Amino acid sequence: MRLEVTRTSMPSFEEFCDEIRPLWDSHILTNMGSEHEALEAALRERLGCEVTLFANGHLALEAALEALELPAGGEVITTPFTFVSTTHAIVRRGLRPVFCDVRSQDGTLDPAGIESLITERTVAIVPVHVYGNVCDDERIRSIANRHGLKVLYDAAHAFGVRRGGLPVEALGDASILSFHATKVFSTVEGGAVCYRAAGLRQRLEDSRNFGIRDKEHCEAVGGNAKLNEFQAAMGLCNLRHLEEVLAQRRALTARYRELLADNLEVQPFPLEPDASVQSNGAYFPVLFRGQEQRDAAYAALEAAGIGARKYFWPLTSDMGCYRGKLDPGHTPVARDLSARILCLPLYPGLTEADLRNICRILL
Ligand SMILES: *Cc1c(COP(=O)(O)O)cnc(C)c1O
């Protein structure tokens, strides 16, 4: 049987049925029903910050950019080494992405590159905790403060990551999460904005539900980005098993690292993980010596029925929709990582034999 790069963690069929049974009494399937409210409350409790749920991570990103009230045409310093959603959200909000390079050790936005890109039009910084590698928030925050910029983290990869024992989901002025089926914690499709400033809440809720405040009052030009009751129910079930899923993912990651130890052609990425960070095991990226080796390994795995992913290749700044339209920036480190990185299959249920087989093919 073919192995994919990921597989969605699901509760038992019976557990999900029990969770959705009350919906057949209430007939309330969306519009912030009881499952939605229970999931939002559970996440607030878990993360220790404000949480506003959204239909998906991308709409959460767009809503957060809107709620931060960034002026149209403003420049946003961000990374091209990410999923295309990050760049699309900035462009779709009428802002201009300005691409900054990333750090070779972990692929996150390089604080040393930010200041030289700041102009009088810069309004925000949008870094990404790629693969759950936590950005250097202290330095990014101090640069942002010095220049009066907002910081919005794309934390779509980082749910469940802890640094110094604390959740990383609430860094910056806001952070967004994705609960897509390919992420460690899923509501099938879903997402959230995490934040501390209570003032953001109304604007996010307006963006999520047409700006409707009550039956007779519509006070903002909002869209529709509500998470429905079936999605929330899936989230509540998955949340019960989250620690178990994270533990299995961390164990598989540790085993992969053992199997690939002391090899110079292909190394687990990041090369030197931050000891204060407890990973969520969301991805297992490996870095090859060169692009040729990466592409050959990808093809060899494919031939053996094993799906790996060139994640992130190409850089978003090189994608067809942006080529020639946006300044691609000078991002040699991002370009180099993008050419040499490959994400290997990682999800609970992979066996020791699967890992050995994958590593044998690679080596
Ligand atoms: C998954 C992802 C998103 C988008 O989330 P969706 O829930 O799929 O809309 C945004 N940014 C990054 C880095 C992602 O991995």
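Given the structure is predicted, the values throughout are model-derived calculations rather than measurements.

Peer 1: What exactly am I supposed to notice about the overall build of the chain here?
Peer 2: If you tally the helices and strands in the chain, you get 13 helices and 15 strands. Dimensions along the principal axes, computed over C-alpha positions, put the chain at roughly 65 × 55 × 40 Å. Taken across its 363 residues, the chain has 52% of its residues classed as buried. For the chain, the accessible surface area stands at approximately 15,900 Å², while carbon and sulfur atoms represent 53% of it.

Peer 1: How do you make sense of the site of the ligand when you look at a structure like this?
Peer 2: Taken together, the neighbourhood of the ligand is formed by 15 residues, with G57, H58, D154, S178 and K183 sitting nearest. Within the side chain of D154, an N or O atom sits 2.7 Å from a nitrogen atom of the ligand. The contact in question runs from an oxygen atom of the ligand to an N or O atom on the side chain of K183, over 3.1 Å. For the ligand, the protein covers 93% of the area, taking 380 Å² as the surface of the free molecule. The site holding the ligand turns out to be the second largest pocket.

Peer 1: Help me understand the packing of helix α10 (residues 242-259) against helix α13 (residues 352-362), please; the structure alone is not making it clear to me.
Peer 2: The description of two helices packed together rests on the angle between their axes and the distance between the axes. Where α10 meets α13, the closest approach of the two axes is 10 Å, and the angle between their N-to-C directions is 40°. When the interaxial angle is binned, α10 and α13 end up oblique. Judged by the sense of rotation from one axis to the other, the crossing of α10 with α13 is right-handed. The segment α10 lies against α13, with L252, R255, Y256 and L259 engaging E352, L355, R356, I358 and C359. Classifying every residue of the contact of α10 with α13 gives six nonpolar, no polar and three charged.

Peer 1: Hey, could you run me through the state of the cysteines in this one?
Peer 2: Here, disulfide denotes a covalent bond that connects the sulfur atoms of two cysteines. Scanning all chains against the criterion turns up zero disulfides. C237 supplies the cysteine sulfur nearest to C17, a cysteine that is in no disulfide, at a spacing of 9.3 Å.

Peer 1: Help me understand helix α3 (residues 34-47) in this model?
Peer 2: Spacing of three or four residues puts side chains on the same side of an α-helix, whose turn is 3.6 residues. Taking 1.5 Å per residue as the helical rise, α3 with its 14 residues ought to reach 20 Å, and the 20 Å between its terminal C-alpha atoms agrees with that figure. G48 sits one or two positions beyond α3 and adopts a positive phi of about 65°.

Peer 1: Looking at this model, I keep getting lost on the layout of surface pockets. Mind explaining?
Peer 2: Regions of empty space are outlined by a rolling probe, equal in size to a water molecule, passed over the atoms. Roughly 540 Å³ of volume is contained in the largest pocket. Lining the largest pocket are 27 residues, with N133, P270, P273, D274 and S279 sitting closest to its centre. Of all the secondary structure elements, the ones that give two or more residues to the lining of the largest pocket are α10, β13 (277-278) and β14 (284-288). In this structure, the second largest pocket occupies an estimated 460 Å³ of space. Lining the second largest pocket are 29 residues, and of these F83, H180, T182, K183 and Y311 lie nearest its centre. When residues of the lining of the second largest pocket are assigned to their parent elements, the largest contribution, three residues, is made by helix α4 (residues 57-67).

Peer 1: Mind showing me how you'd approach the pairing of strand β15 (residues 341-344) here?
Peer 2: One face of the sheet, then the other: side chains in a regular strand alternate in exactly this way. Both faces of β15 are covered, namely the face carrying I341 and C343 and the face carrying L342 and L344. Sheet topology places β14 next to β15; four bridges connect them, and they run antiparallel. Paired with L287 across the bridge in β15 is I341.

Criteria and thresholds
- Residues numbered from 1 in each chain as written.
- Predicted model: local features only at pLDDT ≥ 70, side-chain atom pairs only at ≥ 80, totals over all residues.
- Heavy atoms only, no water.
- Helix = DSSP H or I, 4+ residues; strand = E, 2+ residues; numbered from the N terminus.
- Buried < 20%, exposed > 50% of the residue type's maximum accessible area, 1.4 Å probe, protein only.
- Areas by Shrake-Rupley, 256 points an atom, 1.4 Å probe, with all protein chains shown as cover.
- Near = heavy atom within 4 Å.
- Polar contact = N/O pair within 3.5 Å; in protein donor to acceptor, adjacent residues only side chain to side chain.
- 1 Å grid on protein atoms, 1.4 Å probe; cavity = no way out; pocket = protein on both sides within 12 Å on 5 of 7 lines; lining within 4 Å.
- Sits in = over half its atoms within 2 Å of the grid points.
- Axes fitted to C-alpha atoms, helices over the stretch in contact; angles between N-to-C directions.
- Parallel < 35°, antiparallel > 145°, perpendicular 65-115°, else oblique.
- Left-handed = near helix turned anticlockwise from the far one by under 90°.
- Contact = heavy atoms within 4.5 Å.
- Nonpolar A, V, L, I, M, F, W, Y, C, P; charged D, E, K, R; others polar.
- Disulfide = S-S within 2.5 Å.
- Expected span 1.5 Å × (residues − 1).
- Points joined across faces, edges and corners; volume = space filled by probe spheres on them.
- Pairing = 2+ DSSP bridges.

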